[in-house]
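Single-letter residue listing:
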Amino acid sequence: MKTDLTDTTSSKINKALVLGRRAIGTPAVGMVLTLVIVTDEENAYDALKAANEASREHPSRTLVVIKRVSRSPRDRANTRLDAEVRLGADAGSGETVVLRLYGEVVDQAQSVVLPLLLPDAPVVVWWPVNAPTDPANDPLGALAQRRVTDTYAAEQPIEELTARADTYTPGDTDLSWTRITPWRSMLAAALDQVHCKVTSADVEGEEFNPSVELLAMWLAERLKVPVRRSRSGGPGLTSVRLETDAGPIVLDRPDGSLATLSIEGQPDRAVALKRRETSELIAEELRRLDPDDTYAAALKYGLERLDEEAAITAPAPEEPTDVTAPAAVAEAEPAGEPAKKAPAKKAPAKKAAAK
């Protein structure tokens, strides 16, 4: 069931929700939380589709906030709120309200969303794209117990990851961190099978993928060993190699679907490690609404510190020998002038020759 409301208010939207529930025969509210999605028109469909699929596990009231850009001064002066109320089969296992904000009300989105929140229920705000630098201090983010961003969708993901570390507030999380949950579980299980000491690690993945950086920082923070970040053609994370005193442990996933776990002295094992959809990532984040201390520790470890620790085990570059240097000096001397003698090399010490 869909209800379109043009130039409306929050009170009219609430009334439409009550009338819609009565019309479909479900007057009781069975939602467990309010999910606020802040996005643009281009990404609204994909984000809402992922939220509806996640609502099968977490029935929720989904509020989609779309801030429409006004291109002319006349349009910016025209303040309007349009809404689309969806109930029943059109809203998954919950309720959906699509809010389109025009004009000055774009800067007051929190005043529109606040009356629509479920009473006595947690609030989660999700920015699929264009997340604020400091989500906790955003007017909409301040309403939530949990704030979900995705640095992978940013124009400069690695710089965005550094900014997230500087402004981290308990309750912040990142879908780039959620993507590596199966990797962390698999590596922890592999280390439980072998009694060994990890000496170093290497994380390989595609360039500009913050999940690779987060996994490397998590390993460095938890294992207290140097971790090197290597680049590959992807997709996503492709390999993790742990060097131990009992032999290497390698988790390799070249195709983004099936991985191979190799442990010294044991046969190789094929493990399912497919890349997950956004709906699965959102469903995982909605399972816990308390602060993620493990994510905070990995995020605050620091990319620059990761590079410094990895440089300790990096091989020293060999100095190239220039065998053409004497010839080049001779050619550089003007005609008629004697070539300058190269400085004589010191003779080896006689003590060394006597050995």
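The structure under discussion appears in the preceding block.
A quick note: this is a predicted structure, and the numbers were derived from the prediction, not measured.

Asks: I tried to follow the nonpolar core on my own but got confused; where do I start?
Replies: Note on soluble globular proteins: their nonpolar side chains tend to be buried together. Counting 39 residues, the largest nonpolar core has Val 203, Leu 215, Leu 219 and Val 227 as the members making the most contacts within it. Of the residues forming this core, the biggest block, eight residues, is contributed by helix H8 (residues 210-223). Among all residues touching Val 203, those that are not within four sequence positions of it are Val 212, Leu 215, Ala 216, Leu 219, Val 227, Arg 228, Arg 229, Ser 230, Leu 237, Ser 239 and Val 240. Ranked by size, the runner-up nonpolar core spans 28 residues in total, among them Leu 101, Val 112, Trp 127 and Leu 140.

Asks: Can you help me understand the side chain of Thr 8 in this one?
Replies: Here Thr 8 lies in the loop between strand E1 (2-5) and helix H1 (10-23). Apart from the residues lying within four places of it in its own chain, the contact partners of Thr 8 are Ile 13, Leu 81 and Ala 83.

Asks: Just to check I follow, could you spell out the layout of surface pockets for this structure?
Replies: Over the atoms rolls a probe the size of a water molecule, and in doing so it shows where empty space is left. Considering only enclosed or pocket space, the largest pocket measures out at about 590 Å³ in volume. Residue lining of the largest pocket: 30 residues in total, with Arg 179, Arg 276, Glu 277, Thr 278 and Leu 281 positioned closest to the centre. Counting residues per element, the lining of the largest pocket draws most heavily on helix H2 (residues 41-54), at six residues.

Asks: How should empty space enclosed by the protein be read in this particular structure?
Replies: Summed over the entire model, instances satisfying the criterion amount to one cavity of 30 Å³ or more. Estimates place the volume of the largest cavity at around 50 Å³. Pro 135, Thr 149, Arg 164, Thr 167, Tyr 168, Asp 172, Thr 173, Tyr 295 and Leu 299 together form the lining of the largest cavity. Listing elements by their share of the lining of the largest cavity, those giving two or more residues are strand E8 (172-174) and helix H10 (293-299).

Thresholds, definitions, all that
Residues numbered from 1 in each chain as written. Predicted model: local features only at pLDDT ≥ 70, side-chain atom pairs only at ≥ 80, totals over all residues. Heavy atoms only, no water. Core = buried A, V, L, I, M, F, W, Y, C linked by side-chain atoms within 4.5 Å. Buried < 20%, exposed > 50% of the residue type's maximum accessible area, 1.4 Å probe, protein only. Helix = DSSP H or I, 4+ residues; strand = E, 2+ residues; numbered from the N terminus. Contact = heavy atoms within 4.5 Å. 1 Å grid on protein atoms, 1.4 Å probe; cavity = no way out; pocket = protein on both sides within 12 Å on 5 of 7 lines; lining within 4 Å. Points joined across faces, edges and corners; volume = space filled by probe spheres on them.

The quantities given are spatial measurements derived from coordinates; they are silent on function.
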